[in-house]
Amino acid sequence: MPRQAHPSLRRKVILTASMVRTYKACPRLYELEYIHQLKPVTPGEALTTGSQYHDYVAKILSGEEYRLEGIAGTMAAAFDRFLPWREWGIKAVEQEFAVKITPYFIIRGKIDAVCEDGCIVEHKTTRNTLDDMYLERLALDDQVSIYLAAQTLLSDKLINRVHYTAVQKPTIRQKQNETDSQFQERVRDWYDETRVKSFTVVRTFSQIEETIAHLKELAKEIRRRKFWYRNPAHCMIVDCPYRSICLDCDPQTLTGFVKKENNNEELSPCKF
Ligand code: SF4
């Protein structure tokens with residue numbers, strides 16, 4: 001008689017690189033954000049500036065008309081001034097993907113840009129200095145491996161390079177009596193090659209195969225999980241926006257949080 005998969009293994013799991021990162025950092029955080037589907041009511045400043053910056057850079061790369069405004073605009077202008085993106089042969093920006101890894105496991109995401117040769121471009125912003133440690137950590141990020149694995153499976157050929165771009169957020173503050181335009185001028189002058197960088201990350205074929213195997217295991221683990229343990233070590237590193245409801249959370253009576261429409265509101269509905 002053919003063996004039947006356990007019912008829990010027949011539930012569909014859809015993961016993005018952020019979901020993988022969150023689960024590995026703190027399963028309780030994953031539960032609050034992706035099982036209860038809660039999100040803080042007000043997005044943080046970092047998210048707003050970061051997403052505006054991404055919008056501006058997408059317009060620059062796709063040759064659309066744009067008018068750069070505010071700090072995000074000054075950051076995008078620095079991107080345009082210091083990075084060799086014109087040499088990369090950008091073919092498309094903000095490309096969504098969905099790849100069926102197994103009948104019950106799908107990987108989704110949105111790639112910032114794709115080059116003619118299939119190489120991926122990803123943009124990052126940070127308050128940190130763009131030193132060797134920051135760049136090394138970025139190179140180890142799961143997101144690179146997941147995107148390359150997905151693109152390799154979709155294209156049926158090895159896609160193994162990512163151009164990372166990194167722009168530091170301004171660490172200088174607006175002075176008293178300084179107008180917005182004066183401040184933006186000072187921020188413009190603050191940018192140089194140390195605060196805007198790009199570098200290329202390469203993965204081997206066996207590393208990409210390893211990523212796919214790792215993702216399958218992770219999806220199985222998430223599907224079977226009943227108890228979502230906390231990882232307080234993670235709150236020591238980041239200021240977790242879910243801290244106020246971490247110990248005691250009734251999803252029906254929460255204030256300061258709303259229920260998300262779905263787990264990946266920035267992506268279009270999944271066709272699988
Ligand atoms: S407060 Fe800490 S333990 Fe709780 S969900 Fe956030 S990261 Fe996890």
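Please refer to the structure placed before this passage.
What you see is a predicted model, and the numbers here were worked out from it, not measured in a lab.

Draft legend 1. How the structure looks around the overall build of the protein. Looking only at helices and strands, the protein has ten helices and eight strands in total. The C-alpha radius of gyration of the protein comes to 20 Å, within 12% of the 19 Å expected for a compact globule of 272 residues. Its C-alpha atoms give the protein principal-axis dimensions of about 75 × 50 × 35 Å. Within the span of the protein, comprising 272 residues, buried residues form 26% of the whole. Within the protein, contacts between residues at least 6 apart in sequence are counted, and of these 73% link residues at least 24 apart.

Draft legend 2. Representation of the site of the ligand. The full set close to the ligand counts 13 residues, and Cys 26, Arg 230, Cys 235, Cys 240 and Cys 246 are the nearest of them. Listed by contribution, the elements that provide at least two residues to the shell around the ligand are helix 2 (27-35), helix 9 (232-237) and helix 10 (243-246). Here the residues of the shell around the ligand sort into eight nonpolar, two polar and three charged.

Draft legend 3. Looking closely at the pairing of strand 4 (residues 105-115). Pairing of strand 1 (residues 13-15) with strand 4 involves three bridges; the strand directions are parallel. Among the inter-strand pairings, Ile 14 is bridged to a residue of strand 4, identified as Ile 106. Judged from the ten bridges that link them, strand 3 (residues 90-102) and strand 4 form a sheet pairing that is antiparallel. If you follow Glu 96 over to strand 4, its bridge partner there is Lys 110. What sits between the antiparallel neighbours strand 3 and strand 4 is a turn of two residues. Note: strand 4 against strand 5 (residues 120-126), two bridges, orientation antiparallel. In the strand pairing of strand 5, Ala 113 is matched with Val 121. Between the antiparallel neighbours strand 4 and strand 5 lie four residues, among them Gly 118 with a positive phi of about 90°.

Draft legend 4. Broad picture of the environment of Thr 200. For Thr 200, the location among the structural elements is in strand 7 (residues 196-202). Residue classification places Thr 200 among the exposed positions, given that 11 C-beta atoms sit within 10 Å. Separated by 35 residues in sequence, Thr 200 and Thr 165 place their C-alpha atoms 8.8 Å apart.

Draft legend 5. Quick peek at the packing of helix 1 (residues 17-25) against helix 2. Close contact between helix 1 and helix 2 brings their axes to 5 Å; oriented N to C, the two are set at 135°. With respect to helix 2, the element helix 1 is oriented oblique. Of the residues in helix 2, those in contact with Met 19, Thr 22, Tyr 23 and Ala 25 of helix 1 are Pro 27, Leu 29, Tyr 30, Glu 33 and Tyr 34. Taken together, the residues of the contact of helix 1 with helix 2 sort by class into seven nonpolar, one polar and one charged.

Draft legend 6. Broad picture of unusual backbone geometry. Non-glycine residue Glu 94 carries a positive phi angle of around 45°. Counting through the fold element by element, Glu 94 comes out in strand 3. The backbone of Asn 177 sits at a positive phi, close to 70°, despite the residue not being glycine. Among the secondary structure elements, Asn 177 is positioned in the loop between strand 6 (161-168) and helix 7 (180-190). For Asn 177, a count of 6 C-beta atoms within 10 Å puts it in the exposed group.

Draft legend 7. Focus on the pairing of strand 6. Buried residues dominate strand 6, accounting for seven of its eight residues. Relative to strand 6, strand 5 runs parallel, the two being bridged by seven bridges. Bridge pairing links Thr 126 to Gln 168 in strand 6. Taken together, the seven bridges between strand 6 and strand 7 define a ladder with antiparallel strand orientation. Looking at the pairing, Val 162 lines up with Val 201 of strand 7.

Draft legend 8. Spatial organisation of the nonpolar core. Ranked by internal contacts, the top residues of the largest apolar core, which has 42 residues, are Ile 146, Tyr 147 and Leu 148. The element best represented in this core is helix 6 (residues 142-155), accounting for six residues. Residue contacts for Tyr 147: discarding those within four places in its chain leaves Ala 17, Gly 109, Ile 111, Ile 120 and Val 162.

Draft legend 9. Up close: the environment of Gln 95. With respect to the helices and strands, the residue Gln 95 is situated in strand 3. C-alpha separation for the pair Gln 95 and Val 114, spaced 19 residues apart in sequence, amounts to 7.5 Å. Apart from residues no more than four positions distant in its own chain, Gln 95 is found in contact with Lys 110, Ile 111 and Val 114.

The rules behind the values
- Residues numbered from 1 in each chain as written.
- Predicted model: local features only at pLDDT ≥ 70, side-chain atom pairs only at ≥ 80, totals over all residues.
- Helix = DSSP H or I, 4+ residues; strand = E, 2+ residues; numbered from the N terminus.
- Rg over C-alpha atoms; globule rule 2.2 N^0.38 Å.
- Buried ≥ 20, exposed ≤ 12 C-beta atoms within 10 Å, placed from the backbone.
- Contact = placed C-beta atoms within 7 Å.
- Near = placed C-beta within 6 Å.
- Nonpolar A, V, L, I, M, F, W, Y, C, P; charged D, E, K, R; others polar.
- Pairing = 2+ DSSP bridges.
- Axes fitted to C-alpha atoms, helices over the stretch in contact; angles between N-to-C directions.
- Parallel < 35°, antiparallel > 145°, perpendicular 65-115°, else oblique.
- Core = buried A, V, L, I, M, F, W, Y, C linked by C-beta atoms within 7 Å.

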